[in-house]
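# Observations on the model geometry
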Amino acid sequence: MLNKKIEDAINYQINAELWSAYLYLSMSLDCASKGLQGAANWFEIQYQEEQAHAMKFKNYIIARGGRVVLQPIQEVQTEWNTLLDIFKDTLAHEQKVTALLNNLYKIALEETDVATQSMLKWFIDEQVEEEENATSMIDALKMIGDNGYGLYMLDKELSTRVFVPIPA
Ligand code: FEO
């Protein structure tokens, strides 16, 4: 059985994951409106991944006999100036998610909840990849600058991303 403090913290994280999904869907739509269909695809996959993260936490609460309580999802930004700005916001957002997960892990340590610590390891590892992906896109876009052909080629590359289901 989950203790209340852990249950509340994971419920808060579910809301953060769903907000992340909403943010990435908004970024995907903004990319589409800019004619960047590959980037729109990349962020749509990101949206699906965040939903999957929320579901993984949901499944965990249920498996531990807890109660999932859904909270309202706050509004998100809908427009950005450039794709570089979008990826800069992506990195800043993922750094916030990392901090939230670190805090969740700290609570699990304080409450001596070993099962929650173990479950969180997957998410903590995932954050390394999330931050690395955003950083490498920022680096690439800085290199591209205002070279239209470079942006066209990067957008083509982003169109190849596919959703890979995560372990339940
Ligand atoms: Fe669910 Fe991008 O962290």
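Just above, that's the structure.
Here's what I pulled together on the structure shown here. Small disclaimer: the values here were computed from a predicted structure and weren't measured.

### A closer look at the overall build of the chain
Counting its regular elements, the chain contains 5 helices and 0 strands. Helices (α) and strands (β) of the chain occur, in sequence order from the N terminus, as α-α-α-α-α. Its C-alpha radius of gyration of 17 Å places the chain within 12% of the 15 Å reference for a compact globule of 168 residues. Across its three principal axes, the chain shows a C-alpha extent of roughly 55 × 25 × 25 Å. Buried residues in the chain amount to 45% of all 168 residues. Taking all contacts inside the chain whose residues are at least 6 apart in sequence as the whole, residues at least 24 apart take part in 83%. Of the accessible surface of the chain, which amounts to about 9,100 Å², a share of 56% is contributed by carbon and sulfur atoms. Taking the average location of the 14 positive side-chain charges in the chain and that of its 25 negative ones, the two points are 6 Å from each other.

### Overview of the packing of helix α2 (residues 37–63) against helix α4 (residues 114–144)
For the pair α2 and α4, interaxial distance at closest approach is 12 Å and the crossing angle is 170°. Taken as axis vectors, α2 and α4 run roughly antiparallel relative to one another. Counted together, Trp42, Gln46, Glu49, Glu50, His53, Lys56, Phe57 and Tyr60 of α2 and Ala115, Thr116, Met119, Leu120, Trp122, Phe123, Glu126, Glu130, Asn133 and Met137 of α4 form the full contact between these two elements. Of the residues assigned to the contact of α2 with α4, the class counts are 9 nonpolar, 4 polar and 5 charged.

### Topic: the nonpolar core
Grouped together as the largest cluster of nonpolar side chains are 23 residues, with contacts concentrated most on Cys31, Phe43, Leu83 and Phe87. Sorting the residues of this core by element identifies α1 (4–33), α2, α3 (83–110), α4 and α5 (148–158) as the ones contributing at least two each. No other element matches α4, which puts 6 residues into this core. Beyond its immediate chain neighbours, meaning those up to four positions away, Phe87 contacts Trp42, Phe43, Ala134, Met137, Ile138, Leu141 and Leu158.

### Thoughts on the packing of aromatic side chains
A ring pair, where both rings are aromatic, is described by two values, the distance of the centres and the angle of the planes. Inspection of the entire model under this criterion finds 7 aromatic pairs. Among the aromatic residues, those joined into a ring-pair cluster are Tyr24, Trp42, Phe43 and Phe87. The positively charged end of Arg161 is found above the aromatic ring belonging to Trp42, 4.4 Å away from the centroid.

### Examining the pattern of salt bridges
As enumerated under the stated definition, the model contains 6 salt bridges in all. Across the pair Lys34 and Asp30 runs a salt bridge whose closest N-O atoms are separated by 2.8 Å. Under the relative-accessibility criterion, Asp30 is labelled buried at 4%. For Asp113, the salt bridge is made with Arg64, and the minimal N-O distance between the two is 3.2 Å. Within this pair, whereas Asp113 is found in the loop between α3 and α4, its partner Arg64 is found in the loop between α2 and α3, the two being separated by 49 residues in sequence. Residue class for Asp113 comes out buried when judged on its relative accessible area of 9%.

### Side note on a nonpolar patch on the surface
Taken together, the side chains of Tyr149, Tyr152 and Met153 define a hydrophobic patch exposed on the protein surface, amounting to about 350 Å² of accessible area. Inspection of the secondary structure assignment puts Met153 in helix α5.

About the thresholds
- Residues numbered from 1 in each chain as written.
- Predicted model: local features only at pLDDT ≥ 70, side-chain atom pairs only at ≥ 80, totals over all residues.
- Heavy atoms only, no water.
- Helix = DSSP H or I, 4+ residues; strand = E, 2+ residues; numbered from the N terminus.
- Rg over C-alpha atoms; globule rule 2.2 N^0.38 Å.
- Buried < 20%, exposed > 50% of the residue type's maximum accessible area, 1.4 Å probe, protein only.
- Contact = heavy atoms within 4.5 Å.
- Areas by Shrake-Rupley, 256 points an atom, 1.4 Å probe, with all protein chains shown as cover.
- Lys, Arg positive; Asp, Glu negative; His and termini not counted.
- Charge placed at Lys NZ, Arg CZ, Asp CG, Glu CD.
- Axes fitted to C-alpha atoms, helices over the stretch in contact; angles between N-to-C directions.
- Parallel < 35°, antiparallel > 145°, perpendicular 65-115°, else oblique.
- Nonpolar A, V, L, I, M, F, W, Y, C, P; charged D, E, K, R; others polar.
- Core = buried A, V, L, I, M, F, W, Y, C linked by side-chain atoms within 4.5 Å.
- Phe/Tyr/Trp six-rings, centres within 6.5 Å; stacked < 30°, edge-to-face > 60°.
- Lys NZ or Arg CZ within 6 Å of the ring centre and 35° of its normal.
- Salt bridge = Lys/Arg side-chain N within 4 Å of Asp/Glu carboxyl O.
- Patch = residues over 30% accessible without salt bridge, like charges linked within 9 Å, V, L, I, M, F, W, Y side chains within 5 Å.

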